[in-house]
Amino acid sequence: MTTTTPGPSALRGAVGTARTRIEGREKVTGAARYAGEIPFADLAHGWLVLSTVTRGRILDVETAPVLAMPGVLTVLHHGNAPRLHTDYVGMLGTPPDPTCAVFQNDRVPFAGWPVALVVAETPEEAREAAEALVVTYDSEPHDTALHAAHPGAYAAAGHMPAETEKGDLEAQLAASAFVVDAEYTTPEEQHSMMEPHAATARWEGGRLEVVDSNQGAGWVQGELATMFSLDASSVRVRSEHIGGGFGSKGLRAHQVSAVMAATALHRPVRVVLTRRQTFSLGGYRSPTTQRVRLGAAPDGRLLALEHRSLNQTSTVYEFVEPSAGVARVLYDADAHRTANHVVRLDVPSPTWMRAPGEAPGSFAIEAALDELAERGGIDPIELRLRNEPDVGPVSGLPFAGNNLAACFREGARRFGWADRDPRPGVRREGRWLLGTGTAAASFGAGAAPSTALVTAEADGSFTVRITAADIGTGARTALTLIAADALETAPEQVRVRIGDSDFGPAMIAGGSMGTRSWAWAVTAAAAELRERLAMATSIPPEGITVRSDTTEALGALARKERHSFGAQFAEVAVDTATGEIRVRRMLGVFAAGRIVNPLTARNQLVGGMTWGISMALHEEAVRDRNTGGHYAPDLAGYHVATHADTPAIEVDWVDDHDPDDPVGIKGVGEIGIVGAAAAVANAVWHATGVRHRDLPIRPDRVLSATVPEPAGGAADA
């Protein structure tokens, strides 16, 4: 059915008012059921067995003793598992990660590779049998170490061009009044969502149903249908409540193995990953090494900008952490060069993680800008404002609004930046050295084609059905407010149903594109439904339903650079005797389009900034080079910011309107983390006079650094 574009009259009223989550009471009382909690009759339980060698081949899987154990129903492995179709391009434009296509051969490409699934009557029996399963391997030499000079590095595109270049970089660096040439590193980071991955598969009436925790039911449905050579209509995926995703909850080994087991046993099978297993099978943010070279004229205008990033990927799947991409948006220069490179190692495949590319990339480029400001004797904010581009530095496209300057000006006013003494190491409060820092942020504001069903019910209420996913962002509530305004009714008259692939194709919850994409589809359907209702004399018992499809409307949108922007500010206290760093306060001011629900939007932005603190000071997944496995792969060994590490974080936003965009939503799920770690790191430099270019800034790194005299120049660490 042809759809119309919603007009401005459809976008007012409930939107912009602070509303608590619709499902909030269910979640705090335990009534909301997650994928691992939903009961099924005759449910069996699967437990994945992961490899204990880093690289090699499986010689033998000794199933007989395990099959004789109490409750064990079957053991699936490469010798008896069904063959899967993997030669295809998935929803995200890439082939599936072979880690998901379990048990297809005897190769082991990394430690933690799934080698078998033990299925039993209870999870306890499945775990005991899985731990008793003996697998014999032929081990081979491995390489798990990422370093800047790795000979296997190569340029890789991912979802953006691998390299961009204009101008003569070396000539402009030579002509620059002051230059920065530095390497920055970020470690491997884990998603560590509250709810681990869980999926239950069953066959019902000749149709496969998967109850899962994912970021896109339609995404998982399409992947499973193709992989198992099924018609898409014969697969249904439901995901009602999700306890966090951050990019990790797409297609994973547990869903595929659950489908295999349910097919073999003709009964429902549930597979839940343990916290330790998610470190190998849930994806992660790759470590990066980034080199930034900047050169500026005496007035601070950039003459040269080079940002090169290297990340690791597995030997079986290429994933690019596009850290150099952020420089393609924020700053221009006469000579501008960016490059994303990868190296294949014997490690698990990285994946999307909140602000992929932008989070680690902003640390490098924003720390380098801070160093450049120091060397040029220019205020860090002023330096950034002098280099604000008029058009996309690489694309040449006009910006559909770039309100970064407004964010900095408002943030500087509220943070008290004008009172800052620019000299490092001069503020002291007892044993603490105090410092403040800032950084810019940007994140793309995209949208993807989506469909929605809106029904006018006979009782005067409305039902919205869309294959959206609420991964903790408050999407249900936001869509209710959007639909209420579009239908010109009260939110209490709208029921929003999500997380079911039967509702039709829609964008996943990712890339800060979910709410914008879904809102467009919902408002388009609502606009046409209002037209239908205006002509109807009555509503039949089954209601009146309209289906929208935004493919055509999105294709007609003018090509421009569309981004959220932000300015991050941090104040830290550093004890150089113990190495302790405390973030005392943070402020983020953002230009993020139309804010649908100020309450949940603020929560998302504060959450992102909290993660930035965690990234700057705590998070670091460390691998043993001898085994390829992690040291302490759990939430005891992998440190994240807690309440004690988190100060009062203040968040606000400025007006940000795109006249070409009828929806006006840009997304707030990821912009909050971008620039946050850099702001903290820059504040640590201002407090101590020591520049830390490697994250996290651990106490031992503070202790090993040389702190200059209060009036001295900056040191490096």
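Residues numbered from 1 in each chain as written. Predicted model: local features only at pLDDT ≥ 70, side-chain atom pairs only at ≥ 80, totals over all residues. Heavy atoms only, no water.

Visitor: Help me understand helix H16 (residues 676-688) in this model?
Guide: For the α-helix, the turn length of 3.6 residues means that residues three or four positions removed from each other point alike. The terminal C-alpha atoms of H16 lie 19 Å apart, and with 13 residues this matches the ideal 18 Å at 1.5 Å per residue to within 8%. Across the 13 residues of H16, 13 count as buried, placing the element largely inside the fold. One or two steps after H16, the chain reaches Gly689, where phi turns positive at roughly 80°. (Helix = DSSP H or I, 4+ residues; strand = E, 2+ residues; numbered from the N terminus. Expected span 1.5 Å × (residues − 1). Buried < 20%, exposed > 50% of the residue type's maximum accessible area, 1.4 Å probe, protein only.)

Visitor: Please clarify how the sheet that holds strand E1 (residues 44-50) should be interpreted in this entry.
Guide: Working definition: the strands of a sheet are paired by backbone hydrogen bonds and lie parallel or antiparallel to each other. Across the sheet, which stays open at both edges, the seven strands sit in the order E3-E5-E1-E14-E11-E12-E13 with mixed pairing between neighbours. Each of the sheet's edge strands pairs with one partner strand only, and the pair in question is strand E3 (72-77) and strand E13 (235-238). Going from strand to strand, the sheet's axes swing by 20° on average, the running direction of each strand aside. Two strands pair when backbone bridges link them, and E1 and strand E5 (residues 114-120) are joined in this way by six bridges, in the antiparallel orientation. Residue His45 lies in a different strand from E5, and its bridge partner there is Ala120. Along the sheet face, helix H3 (residues 123-132) touches E1, E3 and E5 and points at about 25° away from the line of E1. Helix H5 (residues 217-227) contacts strand E12 (207-212) and E13 of the sheet and is inclined by roughly 145° relative to E13. (Pairing = 2+ DSSP bridges. Axes fitted to C-alpha atoms, helices over the stretch in contact; angles between N-to-C directions. Contact = heavy atoms within 4.5 Å.)

Visitor: I tried to follow the sheet that holds strand E4 (residues 107-108) on my own but got confused; where do I start?
Guide: Across the sheet, three strands lie side by side as E4-E2-E6; this open sheet has antiparallel pairing. The sheet terminates laterally at E4 and strand E6 (134-139), the two strands that pair on one side only. Pairing of strand E2 (residues 56-62) with E4, which is carried by two bridges, proceeds in the antiparallel orientation. Counted as the bridge partner of Gly56 is Val108 from E4.

Visitor: What exactly am I supposed to notice about the pattern of salt bridges here?
Guide: Across all of its chains, the model carries 55 salt bridges by this definition. Among the ionic pairs, Arg267 bridges to Glu121, the shortest N-O distance being 2.9 Å. Residue Arg267 is found in the loop between helix H6 (253-265) and strand E14 (269-272), and its partner Glu121 is found in the loop between E5 and H3; the two are separated by 146 residues along the sequence. The class for Glu121 is partly exposed, based on a relative accessible area of 34%. Across the pair Glu371 and Arg375 runs a salt bridge whose closest N-O atoms are separated by 3.5 Å. Of this pair, Glu371 and Arg375 both sit in helix H9 (residues 358-376), four residues apart, which is roughly one turn of that helix. By relative accessible area, which is 1% here, Glu371 ends up buried. The exposure class of Arg375 is partly exposed, given its relative accessible area of 44%. Taken together, the shared-partner salt bridges in this structure form one network comprising Arg202, Glu204, Arg207, Glu209, Arg236, Arg238, Asp500 and Asp502. (Salt bridge = Lys/Arg side-chain N within 4 Å of Asp/Glu carboxyl O.)

Visitor: How should the environment of Arg57 be read in this particular structure?
Guide: With respect to the secondary-structure elements, Arg57 resides in strand E2. Residues Arg57 and His77, 20 residues apart in the sequence, show an inter-C-alpha distance of 13 Å. What Arg57 contacts, discounting residues up to four positions off in sequence, is Asp106, Arg107, Thr136, Tyr137, Asp138 and Glu140. A polar atom in the side chain of Arg57 sits 2.8 Å from the side chain of Asp106. (Polar contact = N/O pair within 3.5 Å; in protein donor to acceptor, adjacent residues only side chain to side chain.)

Visitor: Honestly, the confidence of the model for the chain in this entry has me stumped. Any pointers?
Guide: In regions of low pLDDT, the predicted coordinates are not meant to be interpreted in detail. When the pLDDT values of the chain are averaged, the result is 95; 97% of them are 70 or greater. Note on residues 1-11: pLDDT under 50 across the span, and 30 contacts to partners over four residues away in sequence or across chains. (pLDDT = per-residue confidence, 0-100.)

Visitor: Got a minute to help me understand the packing of helix H12 (residues 475-487) against helix H13 (residues 514-535) in this structure?
Guide: When two helices pack together, their arrangement is given by the angle between the helix axes and by the axis-to-axis distance. It is at 9 Å that the axes of H12 and H13 come closest, and there the two elements cross at 30°. Taken together, the axis directions place H12 and H13 in an arrangement best described as roughly parallel. Considering the relative orientation of H12 and H13, their crossing is right-handed. Of the residues in H13, those touching H12 at Ala475, Ala478, Leu479, Ile482, Ala483, Ala486 and Leu487 are Thr515, Trp518, Ala519, Val522, Thr523, Ala526, Leu529 and Arg530. Of the residues contributing to the contact of H12 with H13, the split by class is twelve nonpolar, two polar and one charged. (Parallel < 35°, antiparallel > 145°, perpendicular 65-115°, else oblique. Left-handed = near helix turned anticlockwise from the far one by under 90°. Nonpolar A, V, L, I, M, F, W, Y, C, P; charged D, E, K, R; others polar.)

Visitor: Just checking my understanding: could you explain the nonpolar core for this structure?
Guide: One broad trend across soluble globular proteins is that nonpolar side chains are buried collectively. Of all hydrophobic cores here, the largest spans 85 residues; its most connected members are Tyr184, Leu294, Ile365, Phe569, Val572, Met586 and Val680. Formed by 45 residues, the second largest nonpolar core is a distinct cluster that contains Ala469, Ala478, Leu481 and Ala521. (Core = buried A, V, L, I, M, F, W, Y, C linked by side-chain atoms within 4.5 Å.)

Visitor: Explain unusual backbone geometry to me, please; I cannot follow it from the model alone.
Guide: In most cases, non-glycine residues show a negative phi, while peptide bonds are predominantly trans. The peptide bond linking Leu695 to Pro696 adopts the cis configuration, its omega dihedral lying at -5°. With a phi close to 60°, Phe103 is a non-glycine residue in the positive phi region. Of note, Phe103 is situated in the loop between E3 and E4. A positive phi angle, near 55°, is found at Ser512, a position not held by glycine.

Visitor: How do you make sense of the pairing of strand E22 (residues 462-465) when you look at a structure like this?
Guide: Residues in a regular strand project their side chains so that they alternate between the two faces of the sheet. As defined by bridge partners, strand E21 (residues 451-456) adjoins E22 across four bridges and the pair is classed as antiparallel. Looking at E22, one finds that Leu453 is bridged to Arg465. Taking the residues between adjacent antiparallel strands as the criterion, E21 and E22 are bridged by five residues, where Gly460 takes a positive phi near 95°. Sheet analysis places E22 next to strand E23 (residues 494-497), joined by four bridges and oriented parallel. Note on E23: the bridge partner recorded for Val464 is Val496. With H12 bridging E22 and its parallel neighbour E23, the resulting β-α-β unit is right-handed. (Right-handed = clockwise from strand over helix to strand, strands pointing away.)

Visitor: For this particular structure, what's the right way to read the side chain of Asp485?
Guide: Along the chain, Asp485 turns up in helix H12. Despite being buried, Asp485 has no salt bridge partner; Arg594 is the closest side chain of opposite charge, sitting 5.5 Å away. In this structure the side chain of Asp485 is engaged in a polar contact, spanning 2.9 Å, whose partner is the backbone nitrogen of Val15. (Lys, Arg positive; Asp, Glu negative; His and termini not counted.)

Visitor: Help me out: how do you make sense of the packing of helix H15 (residues 598-617) against H16 in this one?
Guide: The N-to-C vectors of H15 and H16 enclose an angle of 50°; their axes lie 7 Å apart at closest approach. Here H16 runs oblique to H15, going by the angle between their axes. Remark: the crossing between H15 and H16 carries right-handed chirality. Packed against H15, whose contacting residues are Met609, Gly612, Ile613, Met615, Ala616 and Leu617, the element H16 presents Ala676, Ala677 and Val680 at the interface.

Visitor: Help me understand the packing of aromatic side chains in this model?
Guide: Given two aromatic rings, their pairing is described by the distance between the two centres and the angle made by the two planes. All told, the structure shown has nine aromatic pairs when counted by the stated rule. Ring geometry for Phe110 and Trp113: centres 5.4 Å apart, planes at 80°, overall edge-to-face. Per residue, the accessibility class of Phe110 equals that of Trp113, and both read buried. These aromatic residues form a ring-pair network of at least three members: Phe408, Phe415, Trp417 and Phe569. Against the face of Phe415 rests Arg585, its NZ or CZ located 3.8 Å from the ring centre. Taking the ring centre of Tyr284 as reference, the NZ or CZ of Arg623 above it sits at 5.5 Å. (Phe/Tyr/Trp six-rings, centres within 6.5 Å; stacked < 30°, edge-to-face > 60°. Lys NZ or Arg CZ within 6 Å of the ring centre and 35° of its normal.)

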